[in-house]
Amino acid sequence: MPRSLRVREECIRAVKSCLLRNGFPSQKILAEDLGMAQSTVSHFLNGKPVDYANFIEICRGLGQEWRDIADFEANSDPEEVLLVRAKVAILFEGLANALTTSHNTLSQRLYQALSAGGHEVFFINNSRDDGSYLKCCDYLLLLISQESAASEMVLEQVQLAKELHNLTTHKPAILPIFLEVNTPLSFDLLSYLAGIQPWLWRAAGDSFKLLSQILTIIKEGRTSLTADHELAVEWQAITSTKQSIIQPLPAAAPELPGGQVELTSCFYIDRPPIESRCYETIAQPGALIRIKAPRQMGKTSLMARILHHAEQQGSRTVALSFQLANRKIFANSDTFLQWFCASIGQELGMLEQLPKCWQLADLIGSNQCCKAYFEQYLLSESSRPLTLGLDESDRLFESPEIADDFFGLLRALHEEAKRRDIWKKLRLIVVHSTEVYIPMDVNKSPFNVGLPIDLPEFNSQQVQDLAKRHGLNWSEGEVVELMGLVGGHPYLVRLAMYRISRQDVSFNQLVKLPPTEAGIYSDHLRRHLWNLEKYSELMEAMREVVSVSQPVRLRSELGFKLNSMGLVKLEGNNYIPRCRLYEEYFRDRL
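Keep in mind the model is a prediction, meaning the values are calculated, not measured.

A closer look at the overall build of the protein chain
Then, number 1: When its secondary structure is counted, the protein chain shows 28 helices and 14 strands.
Then, number 2: For the C-alpha atoms alone, the extent of the protein chain along its principal axes is close to 75 × 70 × 45 Å.
Then, number 3: Split into buried and exposed, the 590 residues of the protein chain put 55% on the buried side.
Then, number 4: Taking the intrachain contacts of the protein chain between residues at least 6 apart in sequence as the baseline, contacts between residues at least 24 apart amount to 72%.
Then, number 5: Carbon and sulfur atoms make up 47% of the accessible area of the protein chain, which amounts to about 26,100 Å² in all.
Then, number 6: Averaging the coordinates of the 62 positive side-chain charges in the protein chain and doing the same for the 71 negative ones gives two points 2 Å apart.

Structural notes on helix 12 (residues 207-219)
Since there are 3.6 residues in each turn of an α-helix, residues three or four apart along the chain are aligned in direction.
Then, number 1: Between its first and last C-alpha atoms helix 12 spans 18 Å; for 13 residues at 1.5 Å apiece the expected length is 18 Å, and the two agree.
Then, number 2: Every buried residue of helix 12 is accounted for by Ser207, Leu210, Leu211, Ile214, Ile217 and Ile218. Take helix 12 and look down its axis: the buried residues cluster within an arc of 130°, on one side only.
Then, number 3: Those residues of helix 12 hidden inside the fold are in contact with strand 3 (87-91), helix 7 (106-116), strand 5 (139-144), strand 6 (173-178) and strand 7 (199-200).
Then, number 4: In the segment just after helix 12, Gly221 is the residue with positive phi, at about 75°.

Quick look at the side chain of Asn531
Then, number 1: Here Asn531 lies in helix 25 (residues 522-534).
Then, number 2: A relative accessible area of 12% places Asn531 in the buried class.
Then, number 3: Once you skip the residues sitting within four places of it in the chain, Asn531 turns out to touch Glu156 and Met565.

Description of helix 7
Then, number 1: Residues of helix 7 that are buried: Leu106, Ser107, Leu110 and Leu114. With its buried residues spanning 100° around the axis, helix 7 presents them on a single face.

Things to note about the sheet that holds strand 6
Then, number 1: What the five strands build is an open sheet, ordered 4-3-5-6-7; its pairing is parallel. With partners counted over all chains shown, the strands left at the sheet margins are strand 4 (120-124) and strand 7, one partner each.
Then, number 2: Each of strand 3, strand 4, strand 5 and strand 6 is contacted by helix 10 (residues 152-165), which is oriented at about 145° to strand 6, the strand it contacts most.

Concerning the sheet that holds strand 11 (residues 426-432)
Then, number 1: Sheet architecture is open: five strands sit in the order 9-10-11-8-12, paired in parallel fashion. The open sheet terminates on both sides in strands that have one partner only, identified here as strand 9 (316-321) and strand 12 (451-454). Averaged over all neighbouring strand pairs, the angle between strand axes comes to 15°, with direction disregarded.
Then, number 2: One ladder, built from five bridges, connects strand 10 (residues 386-391) with strand 11; its direction is parallel.

Some details on the confidence of the model for the protein chain
Then, number 1: When pLDDT is averaged across the protein chain, the result is 87; 92% of the residues are at 70 or more.
Then, number 2: A low-confidence stretch, residues 74-83 stays under pLDDT 50, and its non-local contacts, those more than four residues away or across chains, total 21 contacts.

Describing the environment of Glu398
Then, number 1: Positionally, Glu398 belongs in the loop between strand 10 and helix 20 (400-416).
Then, number 2: A relative accessible area of 58% places Glu398 in the exposed class.
Then, number 3: Considered as a pair, Glu398 and Ser17 are 381 residues apart in the sequence and their alpha carbons are 28 Å apart.

What to know about the pairing of strand 3
Then, number 1: For strand 3, the tally of buried residues reaches four of five residues, placing the bulk of the element in the interior.
Then, number 2: Judged from the four bridges that link them, strand 3 and strand 5 form a sheet pairing that is parallel. Across the sheet, residue Leu91 finds its bridge partner in strand 5, namely Leu142.

About the criteria used
- Residues numbered from 1 in each chain as written.
- Predicted model: local features only at pLDDT ≥ 70, side-chain atom pairs only at ≥ 80, totals over all residues.
- Heavy atoms only, no water.
- Helix = DSSP H or I, 4+ residues; strand = E, 2+ residues; numbered from the N terminus.
- Buried < 20%, exposed > 50% of the residue type's maximum accessible area, 1.4 Å probe, protein only.
- Contact = heavy atoms within 4.5 Å.
- Areas by Shrake-Rupley, 256 points an atom, 1.4 Å probe, with all protein chains shown as cover.
- Lys, Arg positive; Asp, Glu negative; His and termini not counted.
- Charge placed at Lys NZ, Arg CZ, Asp CG, Glu CD.
- Expected span 1.5 Å × (residues − 1).
- Arc of directions from axis to C-beta.
- Pairing = 2+ DSSP bridges.
- Axes fitted to C-alpha atoms, helices over the stretch in contact; angles between N-to-C directions.
- pLDDT = per-residue confidence, 0-100.

Have a look at this one:
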């Protein structure tokens, strides 16, 4: 084995693009995370030889399979890294029908083959112990069907696995295996899996090929599925895409709800006059729109439509979700602002200019570097307006120092538009799930300026309209009965209509079974319970809310967090369960 390795010339560009995707806005931050000299990282990224051990370590940090990008010396073979006994987690959800063969399901065959190979195998079944296992396992086999792609618990587990992988251990390696083509993925799930090679299992005849190759991958210590195997596919070949905006029709084929409602979907329900006010506002120079609502209320879907409208008006647009930033990004303000600028620069094809603006960060501070990057490159005189959609902004509340700096910067940039024409080109959409529960200077906060949008639940007329689009001829009484169970919660209402329109469940079964594990909301409810179990204070607060019949006074931070999760709502200054579904389920479980 050679003592040094270099990246093959044709792979250099792709490797450089992995920096930001794995949470490293700059070479310097990657070098600091790995504990090696920045020059070593620079040599690696520019195709120069580096020590063999450093080459392997940098590849792990960037989520790359080192054998696939290394330029080996003549007549030398890569050294095999043998895992004597790997720990493997298998994650699937509601796939029994899709995987059934004449003998065993695919998941069972995977379990048997891996166990026979001497590996430790664990099925993820959404218990509180699963998180502990993910922290120590080497691989996560992710089996994806249309049902599992929409599962909230699957999304939670993939998010956790991705966060763990981005830490220093770079485990577990995620191996996504699709079980059918045209699988719609939510925006978040697609983002978590970006850059990871997927495979497609088409039928029982592919099982042996899949099993033997996964055993080989684990034996060789590889961290990804190979791109040159016959089961390997491109993302666009297996995920559904639609091209044109479809106007709402009286009825349409059922569409499994989950995550952002696509621009092309006819199941998006307008909530007048919100959309028209947002479209009018975002066209104004220096506009700022603040969208607030609990989880799964349609915030991201509305943001996507505002961005689309801005794009039609000639603006460049970038959507950025802070939920997709890994923990390393929140180490300090400098790292966070570099990531923020790099994410936007990458979308606009201006990433190469960022290091020039950051050279004086130690002298003038990161805020000034960020501002200079916008002024000199992103908002140059020849450029079109730029509209930024900042989703999941309240994640920054968990890092008060970063939140104070960043939100203060946003307010300052918004105020700049009042006196300098260049900043009139910047329009902002800030999306958050809860009230601001950290102390902020009122003069530095962006949460008291601009157009505020508090996104409400659907009313009965909107629920009736959505039922018609699902081809359901519901009476007023049926609408009232469903809303008595789940209120006007957009996701819960849509899920009910989807299941009923597909004849998976009858209306009477729906209203009788929802708080049980046999109901259609079991996956949704388990996710909420799983999240509550992580935080004892939140679980105790929720227990308090559902255990009495009158509104409950909670500590502000706990109330805001439960409200952002969508579990409670304010009645005056006190809290009540958001709907009867949550009240009955959590009263029984807690």
